[in-house]
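Commentary on secondary and tertiary structure
One-letter residues, chain by chain:
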Amino acid sequence: MNHNFINILDSEREQYIYRIMPLSRLYELFENKENVLVKPSLWEDPFENFILKSRVRFKNGKTYGFNHQNGFYGQCWTRSKASDAMWRIYSLDKRSVRIRTTIRKLFNSLYGSQSNKGLRDEKCFIGKVKYLPSSQLKVFASEIFSEQAGTKTYSLASSLCVKRPAFKHENEVRLIYFEHDVNKYNEQLFQYKFDAHDVIDQLMLDPRLDASEAEIIKKQITKKVGFKGSIKRSLLYALPEDLIIDAK
């Protein structure tokens, strides 16, 4: 199963990963018991999926385009525990929630949901994103379609785990699914059964909320979905108590 973990060492599989989402989406995750992945074409960066969108010229001189990009779906997470940028980007109303799980638990939620045991090794992936400058991106893209790599699903999935250095602050991990049925390529979303109570172990509220606002939202979440794990308010902006600075 090692090829299903892209750029991830065995020792990193228990690392925590995080995702910030609106309260409404959090409730859907628990109530619908489904996780939803989207086509990379819906991601904001126009460079996303650029490798699979490209035409490839092989050593025989012939140039081909591929339909594989239409079969991929993904979901973005971050390894950054405390990020001012991520809160400001994904919690505009200050009422979003950060969920936490581990790399292994998230992957297992997708891998274990597949009824066709024989195909799931070629359908389910999770990868740590590499941030490469343009010159290295071109080299990486050439290696994706090398004779050694061929067009194996792993090689194609790994093409979704590279971005430009401008996005390095995202520190991303991506859950990736490849749909083998070409009749489903027009579908923009992929849903699979997901037990949020089993996969998610912590909820974190926006650090810009005051204590009373956070307590209200915490009670709302507990009442609505019955979450048994910890629900905390991020202390990203909390000042240290009783700070004494020694003058020089």
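Up top is the structure these notes are about.
A short tour of the structure in this document, coming up.

Rules and cut-offs
- Residues numbered from 1 in each chain as written.
- Predicted model: local features only at pLDDT ≥ 70, side-chain atom pairs only at ≥ 80, totals over all residues.
- Heavy atoms only, no water.
- Axes fitted to C-alpha atoms, helices over the stretch in contact; angles between N-to-C directions.
- Helix = DSSP H or I, 4+ residues; strand = E, 2+ residues; numbered from the N terminus.
- Parallel < 35°, antiparallel > 145°, perpendicular 65-115°, else oblique.
- Left-handed = near helix turned anticlockwise from the far one by under 90°.
- Contact = heavy atoms within 4.5 Å.
- Nonpolar A, V, L, I, M, F, W, Y, C, P; charged D, E, K, R; others polar.
- Salt bridge = Lys/Arg side-chain N within 4 Å of Asp/Glu carboxyl O.
- Buried < 20%, exposed > 50% of the residue type's maximum accessible area, 1.4 Å probe, protein only.
- Core = buried A, V, L, I, M, F, W, Y, C linked by side-chain atoms within 4.5 Å.
- Disulfide = S-S within 2.5 Å.
- Phe/Tyr/Trp six-rings, centres within 6.5 Å; stacked < 30°, edge-to-face > 60°.
- Lys NZ or Arg CZ within 6 Å of the ring centre and 35° of its normal.

1. Notes on the packing of helix 1 (residues 23-32) against helix 8 (residues 211-225)
Look at helix 1 against helix 8: their axes get within 10 Å of each other, and the N-to-C directions meet at 25°. Taken together, the axes of helix 1 and helix 8 lie roughly parallel to each other. For the crossing formed where helix 1 meets helix 8, the hand is right-handed. Across the interface between the two elements, Leu23, Leu26, Tyr27, Phe30 and Glu31 from helix 1 touch Ile217, Gln220, Ile221, Lys224 and Val225 from helix 8. Along the lines of polarity and charge, the residues of the contact of helix 1 with helix 8 split into 7 nonpolar, 1 polar and 2 charged.

2. Quick look at the pattern of salt bridges
Between side chains of opposite charge, pairing is possible as soon as their charged atoms come close. Overall, the coordinates contain 11 salt bridges when judged by the stated rule. We note a salt bridge from Asp10 to Arg13, for which the minimum N-O separation is 3.0 Å. Arg174 is paired through a salt bridge with Glu172; the nearest N and O atoms lie 3.0 Å apart. Salt bridges linked by common partners bring Lys163, Glu170, Glu172 and Arg174 together as one network.

3. Concerning helix 1
Regarding helix 1, the residues found buried are Leu23, Arg25, Leu26, Tyr27, Leu29 and Phe30. Buried residues along helix 1 sit in contact with strand 2 (16-21), strand 3 (34-38), strand 7 (97-102), helix 7 (196-199), strand 13 (202-205) and helix 8. In the stretch just after helix 1, Lys33 is the one whose phi turns positive, near 55°.

4. Quick word on the nonpolar core
Ranked by size, the top nonpolar core spans 39 residues in total, and within it Leu26, Ile126, Ile200, Leu203 and Ile221 carry the most contacts. Excluding residues that lie within four positions of it along the chain, Ile221 makes contacts with Leu23, Leu26, Tyr27, Val97, Leu203, Leu205, Gly226 and Ile231. Phe140, Ala141, Leu156 and Val162 belong to the second largest nonpolar core, which has 18 residues in total.

5. What about the environment of Tyr27?
Structurally, Tyr27 is set in helix 1. Expressed as a C-alpha distance, the spacing of Tyr27 and Ile221, which sit 194 residues apart in the sequence, is 8.0 Å. Those residues in contact with Tyr27 that sit more than four places away from it in its chain are Gln220, Ile221, Lys224 and Val225.

6. A short note on the state of the cysteines
For the structure on display, the rule yields 0 disulfides. Cysteine Cys76 shares no disulfide, and the gap to the nearest cysteine sulfur, in Cys161, comes to 9.5 Å.

7. Some points on unusual backbone geometry
Trans peptide bonds make up the majority, and among non-glycine residues the majority have a negative phi. Unlike most non-glycine residues, Asn7 shows phi in positive territory, near 60°. In this structure, Asn7 sits in the loop between strand 1 (5-6) and strand 2. Phi angles above zero are rare outside glycine, and Lys94 is one such case at about 65°. Residue placement: Lys94 occurs in the loop between helix 3 (84-90) and strand 7.

8. Considerations on the packing of aromatic side chains
The description of an aromatic ring pair uses the distance of the two centres, along with the angle that the planes make with each other. All chains considered together, the criterion is met by 8 aromatic pairs. Seen from their ring centres, Tyr192 and Phe194 are 6.0 Å apart, and the 80° between their planes marks the pair as edge-to-face. For Tyr192, a relative accessible area of 4% translates into the label buried. Through successive ring pairs, a cluster of aromatic residues spans Tyr73, Tyr177, Phe190, Tyr192 and Phe194. The ring of Tyr27 has Lys224 lying over it, and the distance from NZ or CZ to the ring centre is 5.3 Å.

Any functional reading would require information beyond the geometric quantities listed.
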